[in-house]
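Structure at a glance
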Amino acid sequence: MAERRLLVLFGSQTGTAQDTAERIGREAKRRRLRCRVEALDSCDVANLIHEPLVVFVCATTGQGDPPDNMKMFWRFLFRKNLPAGSLCQLDYAVLGLGDSSYPKFNFVAKKLHKRLLQLGGNPLLPVALGDDQHDLGPDAVVDPWLMALWDKILALYPLPPGLEIISPNVCLPPKYTLHYLPEDSPHPKSDLLQLAAPQAAPCELHPFAARVLSNQRVTAQSHFQDVRLIEFDIAGSGITFSAGDVVMIQPQSCPEDVQQFCQLLRLEPHRHFVLEPTEPGTPLPPLLPQPCTIQYLVTHYLDISCVPRRSFFELLAFFSTNELEREKLQEFSSAQGQEELYSYCNRPRRTTLEALWDFPHTTCAIPADYLLDLIPRIRPRAFSIASSMLAHPERMQILVAVVRYKTRLSKPRRGLCSTWLASLNPEQGDVRVPLWVKKGGMKFPADPATPVIMIGPGTGVAPFRAAIQERVALGHRGNCLFFGCRHKSKDFYCQTEWEELVTKGLLTLFTAFSRDQEEKVYVQHRIQDNGRLVWELLSNGNAHVYLAG
């Protein structure tokens, strides 16, 4: 009989596609299939020719782009020299996750489906196009599509004689078991961030621990929004970047939340443990030292401040010893309960930690082994780099608006990364931030004669500050900036810097301060007022136009 094995590959930017891929993995295990779930860039693409059955789960990002963790796969798959029948032994299905408010809705999934077909693959089902805009979210498409998929797969690979599908009422084993080490065993100091090896450029798996040099508030104290200009020391990191590039920052949870989480789950923060995969061949989570403390796990790895997904409530229901709590958890994880879940979680942006507070009987019964199945890892955050290496060698600056807003919950919502960054005080010693650089989508013209029109209201001005510093250092003229904010006196970022460049004739600056007069004035009004100049630069100067929000 053919080997009953399934490979689930995902391309995920925010974690939704990964969450869905892991759900498919769990459902496969219930159907007694051997199943691996991996990011597309973690698998060896050349081995696809040996895989009988693959499900692809892909998000689409930006303007129809593949997510970061499938970019290498994408380049390989679209190579011109791949033979037409190379995947003729492959049965496959593609599940796309997208947002129909974007013009290139689910572009990656559609294009992948078509390409696999060209290479001889045999589709089990039409491509599924999950839509964030649907009232019930992508699950409105995913749920029925998965039911059809399992029918197809079980027809091709029937259950072995004498085996049943594992009931949805039975909890599957955890991905890892957590073994506590004896209190008195010696431990290496694992909590220090390892500095990236100097020979390799820093990346997600090997970030560089950059020292914070300054953390300056650039809005008036009376202004509602706290915006920071933060400078890092990147000397010796091997990092290089140009204008338009992006820095990725790996944030951490605040100590109060970590303490609350440990109290709720009755965990001892300073206990050391090692992880062991339940199934041989499962890799250990990268970025977690072995041995590790509970405190390190909760501070640096588990995202206790993210809005929990449906799968969180599904797993939580298994541990519930309280009937009322279990019924509510089961409702949240059912297809019918999705609207209810949306108004409980997504609309008010309730965090995982807050949800655990609401189910106290269940929370104190969560086995530590399941922590990594229950709570996703903290994802890195992207910031436009706001400085140029030509103006500030061995330094990097970012402009950060601290995210804080109200929902119907009594406590204001806070952005995990921006709140953490704002709290860092370099005067209190050696403060470090794990980071690495990614190429950005903006490229500035190499020809010094080409003028550049930059429209950057608010913190959207960050990449243009890098571009202007770089262009001025290279002697490029024709720098035109439209900047907008609320008040000249409160949130006019980098005002003195712009004014000096204007005085030297190196920058043309147009400002819109929306609240400084009766009628609101925005950057688009300033563009209209200066329409003749803008048209002159475009028609005669062949200017490039850039917009950042």
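Residues numbered from 1 in each chain as written. Predicted model: local features only at pLDDT ≥ 70, side-chain atom pairs only at ≥ 80, totals over all residues. Heavy atoms only, no water.

Before going further, it helps to spend a moment on the UniProt feature "domain: FAD-binding FR-type" (unreviewed entry) in the chain. Feature annotation in UniProt places "domain: FAD-binding FR-type" (unreviewed entry) on residues 205-445, given in this structure's numbering. Secondary structure over residues 205-445 splits into 29% helix and 21% strand, and the C-alpha atoms at its two ends are 32 Å apart. (UniProt positions renumbered as here; feature names shortened; annotations may be inferred. Helix = DSSP H or I, 4+ residues; strand = E, 2+ residues; numbered from the N terminus.)

Pairing is antiparallel across the open sheet formed by 3 strands, whose spatial order is 7-11-12. Two strands lie at the open edges of the sheet, namely strand 7 (176-180) and strand 12 (292-293), each paired on one side alone. Direction of pairing for strand 7 relative to strand 11 (residues 272-277): antiparallel, over a ladder of 5 bridges. Note on strand 11: the bridge partner recorded for Tyr-176 is Pro-277. (Pairing = 2+ DSSP bridges.)

This part is about the pattern of salt bridges. Applying the stated criterion across every chain yields a total of 27 salt bridges. Of the charged contacts in the structure, one is a salt bridge between Arg-377 and Glu-204, with a shortest N-O distance of 3.0 Å. Residue Arg-377 is found in the loop between helix 12 (371-374) and strand 13 (381-384), and its partner Glu-204 is found in the loop between strand 7 and strand 8 (208-217); the two are separated by 173 residues along the sequence. Judged by its relative accessible area of 29%, Glu-204 falls in the partly exposed class. A single salt-bridge network, built from bridges that share partners, covers Glu-3, Arg-5, Arg-34, Arg-36, Glu-38 and Glu-51. (Salt bridge = Lys/Arg side-chain N within 4 Å of Asp/Glu carboxyl O. Buried < 20%, exposed > 50% of the residue type's maximum accessible area, 1.4 Å probe, protein only.)

Let's shift gears to the pairing of strand 18 (residues 452-455). Going residue by residue along strand 18, you find Val-452 and Met-454 tucked away on one face and Ile-453 and Ile-455 tucked away on the opposite face as well. Where the polypeptide runs from strand 18 across helix 14 (residues 462-473) and back to strand 19 (residues 479-485), its parallel neighbour, the crossover connection is right-handed. In the sheet, strand 18 pairs with strand 21 (residues 544-547) via 4 bridges, with the strands oriented parallel. When the sheet's bridge partners are listed, Val-452 is paired in strand 21 with His-544. (Right-handed = clockwise from strand over helix to strand, strands pointing away.)

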